[in-house]
Amino acid sequence: MIEGSAPAKIILFGEHAVVYGQPAIAAPVSDVRARAIVEPNPPDRRGLHIALPHFDFPVSIAAETLDSALALTARLVLDALHAHAPNVTLRIESQIPIASGLGSGAAVSTAFARALAAAVGKQLANETLNALIFEVEKIHHGTPSGIDNTVIVYERPIYYIKGQPIEPIRVGAPIHLLIADTGVGASTRVAVSAVRTLFESDTARIQSILDTIGSIAQQARSAMESGDLQMLGRLMRQNHTHLQTLTVSSSELDRLVDEAIGAGALGAKMSGGGRGGNMIALVTPETESAVRSTLLKAGAARVLSTIIE
Ligand code: PMV
């Protein structure tokens with residue numbers, strides 16, 4: 001079977017500040033994935049089609065119809081590979097919840113791009129793919145920092161500064177995280193533009209918060225590399241407080257963060273665009289099950305777990 005796949009992702013530190021040039025840290029969630037499977041077209045069908053769980057549609061890659069992220073992905077991939085659209089159907093399957101800060105859009109586009117390249121008998125280098133998915137991310141996010149596409153394409157924990165070469169992080173001790181969904185869908189684009197408005201109305205104060213978040217991300221990198229989980233937990237709590245000041249948390253996120261800490265998590269914070277979506281909690285194998293059941297009792301719609309190692 002020919003297919004392409006890509007993982008979900010979480011942002012551990014530095015969301016929003018990363019848009020303003022501060023460092024941020026993200027990690028893949030490799031057991032929650034988007035896949036695109038290449039299938040032969042039925043005899044009555046020609047051209048490139050996409051099959052989503054509920055409907056199939058032909059992909060038009062003419063310039064005037066590039067409103068869809070997947071159509072744009074298809075055109076960029078075929079242009080980069082100097083290939084014609086193959087006569088196949090790409091079936092998309094994704095386990096990643098949408099609009100929840102787990103990178104669903106970038107992961108589906110990445111899986112689709114890899115499958116399409118395979119369908120024309122080629123492979124896309126990660127560097128090319130990353131640049132191409134960044135273009136597609138602009139449809140989802142408006143002014144993306146590039147962190148989502150980078151962590152998803154390279155599928156490793158990264159320390160990321162916009163416009164700079166990526167720096168993989170090697171962790172000193174396994175980091176056990178729970179990822180809890182508020183069940184509230186939220187638009188990253190709206191949250192990013194709210195921070196922009198705040199920044200423009202009170203630049204000096206917001207800049208100093210962004211600088212502090214950047215310094216937290218720097219310290220977090222050292223804590224991850226040295227395996228200092230207590231310190232990492234403290235930094236997560238601090239980062240969450242600053243995200244509250246930037247108005248991108250929500251009562252549901254704050255509640256899950258407080259409950260996780262109350263149940264023994266070393267730290268917790270919202271993750272991603274905010275105002276809904278997911279939060280993350282740093283646990284140990286000993287506290288994981290108590291924190292998980294507390295999060296579910298506190299109203300989490302879903303709790304995933306992942307280990308960064
Ligand atoms: O909502 P997510 O997980 O896709 O995260 C967006 C991260 C932001 O820093 C808020 C925006 C960006 O482009 O980096």
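Let me begin by describing the structure that accompanies this report. The model shown is predicted, which means the values in this text are computed figures rather than measured ones.

Time to look at empty space enclosed by the protein. In total, this model carries one cavity of 30 Å³ or more according to the counting rule given. Of the volumes computed, that of the largest cavity is approximately 40 Å³. In terms of lining residues, the largest cavity is bounded by Ala99, Ser100, Gly101, Ala186, Ser187, Thr188, Ser271, Gly273, Gly274, Gly276, Gly277 and Asn278. Counted by class, the lining of the largest cavity contains two nonpolar, 10 polar and no charged residues.

Now for the sheet that holds strand S11 (residues 302-308). Pairing in this open sheet of four strands is antiparallel, and the strands run S9-S10-S8-S11 from one edge to the other. Looking at which strands have only one partner, the edges of the open sheet turn out to be strand S9 (267-271) and S11. Taking the axes of each pair of neighbouring strands and ignoring which way they run, one obtains an average angle of 25° across the sheet. Inspection of the sheet shows strand S8 (residues 175-181) paired to S11 by seven bridges, in the antiparallel sense. When the bridges of S11 are listed, Leu177 appears paired with Thr306. Lying over the sheet, helix H9 (residues 288-297) contacts S8, strand S10 (278-283) and S11, oriented at roughly 10° with respect to S8.

Attention now moves to the pairing of S10. The two faces of the sheet receive side chains in turn, since in a regular strand these alternate between them. S10 sits mainly inside the fold: six of its six residues count as buried. Burial of S10 is two-sided: the residues Asn278, Ile280 and Leu282 facing one way and the residues Met279, Ala281 and Val283 facing the other way are all buried. As judged from the five bridges shared by S9 and S10, these two strands associate in the antiparallel manner. Bridge pairing in S10 places Ser271 opposite Asn278. Counting the residues in the hairpin turn of S9 and S10 gives six residues, including Gly272, whose phi is positive at 95°.

Turning our attention to the layout of surface pockets. Approximately 560 Å³ is the volume found for the largest pocket. When grouped by side-chain class, the residues that make up the lining of the largest pocket number 13 nonpolar, 16 polar and four charged. If you add up the space inside the second largest pocket, you get close to 190 Å³. Taken together, 14 residues form the lining of the second largest pocket, with Asn130, Thr150, Tyr160, Gly163 and Gln164 sitting closest to its centre. Those elements that provide at least two residues to the lining of the second largest pocket are helix H3 (126-141) and helix H4 (147-154).

Now for the environment of Ala125. Relative to the elements of secondary structure, Ala125 occurs in the loop between helix H2 (104-119) and H3. The sequence separation of Ala125 and Arg114 amounts to 11 residues, and the corresponding C-alpha distance is 9.7 Å.

Within the largest apolar cluster, 99 residues are counted, with the highest numbers of intra-cluster contacts made by Phe13, Leu246, Met279 and Leu295. Ignoring anything within four residues of it in the chain, the contact list for Leu295 reads Leu178, Ala180, Leu256, Ala260, Met279, Ala300 and Val303.

Tallying each qualifying case throughout the model produces 15 salt bridges. For the salt bridge of Asp181 with Arg302, the shortest nitrogen-to-oxygen distance reads 2.8 Å. In this pair, Asp181 sits in strand S8 while Arg302 sits in strand S11, placing the two residues 121 residues apart along the sequence. With relative accessibility at 6%, the residue Asp181 sits in the buried group. Here Glu225 makes a salt bridge to Arg221, at a shortest N to O gap of 3.3 Å. Taken together, the residues Glu225 and Arg221, both in helix H6 (residues 203-226) and four residues apart, mark about one turn of the helix. Classification of Glu225 by relative accessible area gives partly exposed; the value is 36%. What you see here is one network of salt bridges that share partners, running through Glu3, Arg35, Glu39, Arg91 and Glu93.

Each value, and the rule that gives it
Residues numbered from 1 in each chain as written. Predicted model: local features only at pLDDT ≥ 70, side-chain atom pairs only at ≥ 80, totals over all residues. Heavy atoms only, no water. 1 Å grid on protein atoms, 1.4 Å probe; cavity = no way out; pocket = protein on both sides within 12 Å on 5 of 7 lines; lining within 4 Å. Points joined across faces, edges and corners; volume = space filled by probe spheres on them. Nonpolar A, V, L, I, M, F, W, Y, C, P; charged D, E, K, R; others polar. Pairing = 2+ DSSP bridges. Helix = DSSP H or I, 4+ residues; strand = E, 2+ residues; numbered from the N terminus. Axes fitted to C-alpha atoms, helices over the stretch in contact; angles between N-to-C directions. Contact = heavy atoms within 4.5 Å. Buried < 20%, exposed > 50% of the residue type's maximum accessible area, 1.4 Å probe, protein only. Core = buried A, V, L, I, M, F, W, Y, C linked by side-chain atoms within 4.5 Å. Salt bridge = Lys/Arg side-chain N within 4 Å of Asp/Glu carboxyl O.

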